[in-house]
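Chain by chain, the residues:
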Amino acid sequence: MSQTGDSKQACAETFNHDHKICKQEALKKAEKLCLERGAQLTPIRHKVLELIWDSHEAVKAYDLLDRIKPFNDSAKPATVYRALDFLIEQKLIHRVESMNAFIGCNHVEGKHDLLLLICEGCRQIEERPATPVMDSLADELEQAGFTARRKTLEIHGICKHCADGAA
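Residues numbered from 1 in each chain as written. Predicted model: local features only at pLDDT ≥ 70, side-chain atom pairs only at ≥ 80, totals over all residues. Heavy atoms only, no water.

- Identification of the chain as Transcriptional repressor from Methylotuvimicrobium buryatense is taken from an unreviewed UniProt entry.

## Here we look at the UniProt feature "binding site: Zn(2+)" (unreviewed entry) in the chain
- Under the UniProt annotation, the feature "binding site: Zn(2+)" (unreviewed entry) is placed at Cys119, Cys122, Cys159 and Cys162. A maximum C-alpha distance of 8.2 Å places the annotated residues, which cover 44 residues in sequence, within one compact spot.
- Relative to the helices and strands, Cys159 is located in the loop between strand E5 (152-157) and helix H7 (160-166).
- Judged by its relative accessible area of 13%, Cys159 is buried.
- Turning to its location among the elements, Cys162 is positioned in helix H7.
- Residue classification places Cys162 among the buried positions, given a relative accessible area of 18%.
- Here Cys162 is in contact with Cys119, Gly121 and Cys122, once residues within four sequence places are set aside. (UniProt positions renumbered as here; feature names shortened; annotations may be inferred. Helix = DSSP H or I, 4+ residues; strand = E, 2+ residues; numbered from the N terminus. Buried < 20%, exposed > 50% of the residue type's maximum accessible area, 1.4 Å probe, protein only. Contact = heavy atoms within 4.5 Å.)

## Details of the pattern of salt bridges
- In the structure shown here, the tally under the stated rule is 7 salt bridges.
- Two residues, Glu126 and Arg128, come together in a salt bridge whose shortest N-O distance is 3.0 Å.
- Residue Glu126 is classed as partly exposed on the basis of its relative accessible area of 23%.
- Through salt bridges with shared partners, one network takes in Lys23, Asp54 and Arg67. (Salt bridge = Lys/Arg side-chain N within 4 Å of Asp/Glu carboxyl O.)

## What about the packing of helix H2 (residues 19-37) against helix H3 (residues 43-52)?
- Taken N-terminus to C-terminus, the directions of H2 and H3 make an angle of 150 degrees; their axes are 10 Å apart at the nearest point. Between H2 and H3, the angle falls in the class roughly antiparallel. When you trace H2 past H3, the crossing you get is right-handed. Residue-level contacts link Lys23, Leu27, Ala30 and Glu31 of H2 to His46, Leu49 and Glu50 of H3.
- Classifying every residue of the contact of H2 with H3 gives 3 nonpolar, 1 polar and 3 charged. (Axes fitted to C-alpha atoms, helices over the stretch in contact; angles between N-to-C directions. Parallel < 35°, antiparallel > 145°, perpendicular 65-115°, else oblique. Left-handed = near helix turned anticlockwise from the far one by under 90°. Nonpolar A, V, L, I, M, F, W, Y, C, P; charged D, E, K, R; others polar.)

## Quick notes on empty space enclosed by the protein
- Under the counting rule described, the total for this entry stands at 2 cavities of 30 Å³ or more.
- Quantified by volume, the largest cavity comes out at close to 60 Å³.
- Of the residues belonging to the lining of the largest cavity, the class tally is 4 nonpolar, 4 polar and 1 charged. (1 Å grid on protein atoms, 1.4 Å probe; cavity = no way out; pocket = protein on both sides within 12 Å on 5 of 7 lines; lining within 4 Å. Points joined across faces, edges and corners; volume = space filled by probe spheres on them.)

## Observations concerning unusual backbone geometry
- Phi is positive for Lys91, which is not a glycine, with a value near 60 degrees.
- Relative to the elements of secondary structure, Lys91 occurs in the loop between helix H5 (77-89) and strand E1 (93-96).
- Notably, Asn100 is not glycine yet its phi reads approximately 50 degrees, a positive angle.

## Considerations on H3
- Three or more residues of H3 are buried, namely His46, Lys47, Val48, Leu49, Leu51 and Ile52.
- The inward-facing, buried residues of H3 abut H2, helix H4 (61-68), H5, E1 and strand E2 (101-104).

## Let's talk about the sheet that holds strand E4 (residues 125-128)
- With mixed pairing, the 3 strands of this open sheet are ordered in space as E4-E3-E5. Across the chains shown, the open sheet's two edge strands, defined by having one partner strand only, are E4 and E5. The mean inter-strand angle of the sheet, taken between neighbouring strand axes irrespective of direction, is 20 degrees.
- Where strand E3 (residues 114-119) lies against E4, 4 bridges are found, and the strand directions are antiparallel. Residue pairing across strands places Ile118 opposite Ile125, the latter belonging to E4. (Pairing = 2+ DSSP bridges.)

Spelled out as structure tokens, the structure:
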């Protein structure tokens, strides 16, 4: 899923940033956190993370495999899945369950309960902490005596950029 010119424009407008800088900062944070945690961000793991951060669109594992082949022609599905497992464990990426795909994490140092806003127009995904929503959800879980392993709310719809373009 390479990012098109229209998608890059949507990224800049929707996320109000230069995505090249966004990607560089995300990779630097990941390198720093792995170093601090004593976790090895091997070249293949780094490349998978870099490919995920190519845009704010979710990317599927087999698309990652296709995109990593030019850099590592011996890469197999297990290679990519092991890298994805590591990146999830280190909280550097998120699995988008409804799409069976992955995105980079914008809040690697914070609480990992999140809201994903998934645009059905431009396919960009915005990660939001949604603290009041997640706090309310935590209260409900506590009242139910339910222990959640992870909390992610995925909402599909149309982002402001796409809505403004359709108007």
